[in-house]
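Spelled out, the chains give:
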Amino acid sequence: MSTKPPARTVRWLNPDEERAWRAFLRVVVAVQTGTARDLAAIGLSEPDYEVLSTLSERPAHTSTLGEQADKMGWSRSRLSRHATRMETRGLLRRTPDPTDGRGCFLVLTAQGLDALENAAPAHVESVRRRFIDRLAPEDLIAIEQIARRLQEPQAGDDRPPKRHPSA
């Protein structure tokens, strides 16, 4: 018995679709690389900033590891390793989750909040310079519409896509 999946007809990209796809990838890489470089200059990585900013918006500056991993589109183990590095730097601390013996809460520390407050102006300036200020208001609306459409479940998907932090 074969375990090979049934053959399907491949719908190759036409030239316009190929150009659009590659343009999208170039934009994502250029913006992310630039903002990452700007954050690194002030001592944070993009994931650091995402964790800190998300925790700052949560009640009691706390989130479960699982909720945070889902928000970032990361596995729990990947986020756990990253959280360990952030904890070592004093940016957050972990506390046990009494409802989940294997889980924990991530809690923003005062040092982490200070780091976020110091980084936020530079991060916003970077986002403006590399993205927002280069686009017209109607472009921003179109990007929001596209993001919503891409987040919708698609026929044949067995689970909805995870939300990306920047969406």
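**Student:** Is there a simple way to explain the confidence of the model for the protein in this structure?
**Tutor:** A low pLDDT score tells you not to read the predicted coordinates there in detail. The pLDDT averaged across the protein works out to 90; a share of 89% of its residues lies at or above 70. Per-residue pLDDT, averaged within each element of the protein, yields its smallest value for strand E3 (residues 100–108) (89) and its largest for helix H5 (residues 110–130) (97). Note on residues 163–167: pLDDT under 50 across the span, and ten contacts to partners over four residues away in sequence or across chains.

**Student:** Just to check I follow, could you spell out a nonpolar patch on the surface for this structure?
**Tutor:** Together, Leu13, Trp21, Phe24, Leu25 and Val28 make up an exposed nonpolar region whose accessible area comes to about 440 Å². Residue position: Leu13 is located in the segment before helix H1 (15–40). A relative accessible area of 44% means that Leu13 is categorised as partly exposed.

**Student:** Explain the packing of helix H2 (residues 46–57) against H5 to me, please; I cannot follow it from the model alone.
**Tutor:** Two quantities define a packed helix pair, namely the angle between the axes and the distance from one axis to the other. In the contact formed by H2 and H5, the axes pass within 10 Å of each other and the chain directions differ by 110°. In this view, H2 runs roughly perpendicular relative to H5, as classed from their interaxial angle. At the point where H2 passes H5, the crossing takes the left-handed sense. Contacts between H2 and H5 involve Tyr49, Leu52, Ser53 and Ser56 from the first element and Gly112, Leu113, Ala115, Leu116, Ala119, Ala120 and His123 from the second. Split by residue class, the contact of H2 with H5 holds seven nonpolar, four polar and no charged.

**Student:** Just checking my understanding: could you explain the sheet that holds E3 for this structure?
**Tutor:** Sheet strands pair by backbone hydrogen bonding; their relative direction is either parallel or antiparallel. If you trace the three strands from one edge of the open sheet to the other, you get E1-E3-E2, paired in antiparallel fashion. Two strands bound the open sheet, and with one partner strand each, they are strand E1 (62–64) and strand E2 (92–97). The sheet shows a mean angle of 30° between the axes of neighbouring strands, taken without regard to direction. On the sheet, H2 packs against E1, E2 and E3 and is oriented at approximately 90° with respect to E3.

**Student:** When you look at the packing of H2 against helix H4 (residues 76–88) in this model, what are you seeing that I'm missing?
**Tutor:** Interaxial distance between H2 and H4 falls to 11 Å at its minimum, and their mutual angle equals 85°. Here H2 is positioned roughly perpendicular relative to H4, judged by the angle of their axes. Counting all contacts with H2, which are made through Pro47, Asp48, Val51 and Leu52, the residues of H4 involved are Leu79, His82 and Met86. Within the contact of H2 with H4, the residues separate by chemical class into five nonpolar, one polar and one charged.

**Student:** What's the story with the side chain of Thr109 in this structure? I'm lost.
**Tutor:** Topologically, Thr109 is positioned in the loop between E3 and H5. Within the local environment of Thr109, its side chain forms a polar contact with the backbone oxygen of Leu91, the two atoms lying 3.1 Å apart. At 2.9 Å, the side chain of Thr109 and the backbone nitrogen of Gly112 are in polar contact. The residues touching Thr109, leaving out its near neighbours within four places in the chain, are Gly90, Leu91, Leu92 and Arg93.

Reading guide: rules and limits
Residues numbered from 1 in each chain as written. Predicted model: local features only at pLDDT ≥ 70, side-chain atom pairs only at ≥ 80, totals over all residues. Heavy atoms only, no water. pLDDT = per-residue confidence, 0-100. Helix = DSSP H or I, 4+ residues; strand = E, 2+ residues; numbered from the N terminus. Contact = heavy atoms within 4.5 Å. Patch = residues over 30% accessible without salt bridge, like charges linked within 9 Å, V, L, I, M, F, W, Y side chains within 5 Å. Areas by Shrake-Rupley, 256 points an atom, 1.4 Å probe, with all protein chains shown as cover. Salt bridge = Lys/Arg side-chain N within 4 Å of Asp/Glu carboxyl O. Buried < 20%, exposed > 50% of the residue type's maximum accessible area, 1.4 Å probe, protein only. Axes fitted to C-alpha atoms, helices over the stretch in contact; angles between N-to-C directions. Parallel < 35°, antiparallel > 145°, perpendicular 65-115°, else oblique. Left-handed = near helix turned anticlockwise from the far one by under 90°. Nonpolar A, V, L, I, M, F, W, Y, C, P; charged D, E, K, R; others polar. Pairing = 2+ DSSP bridges. Polar contact = N/O pair within 3.5 Å; in protein donor to acceptor, adjacent residues only side chain to side chain.

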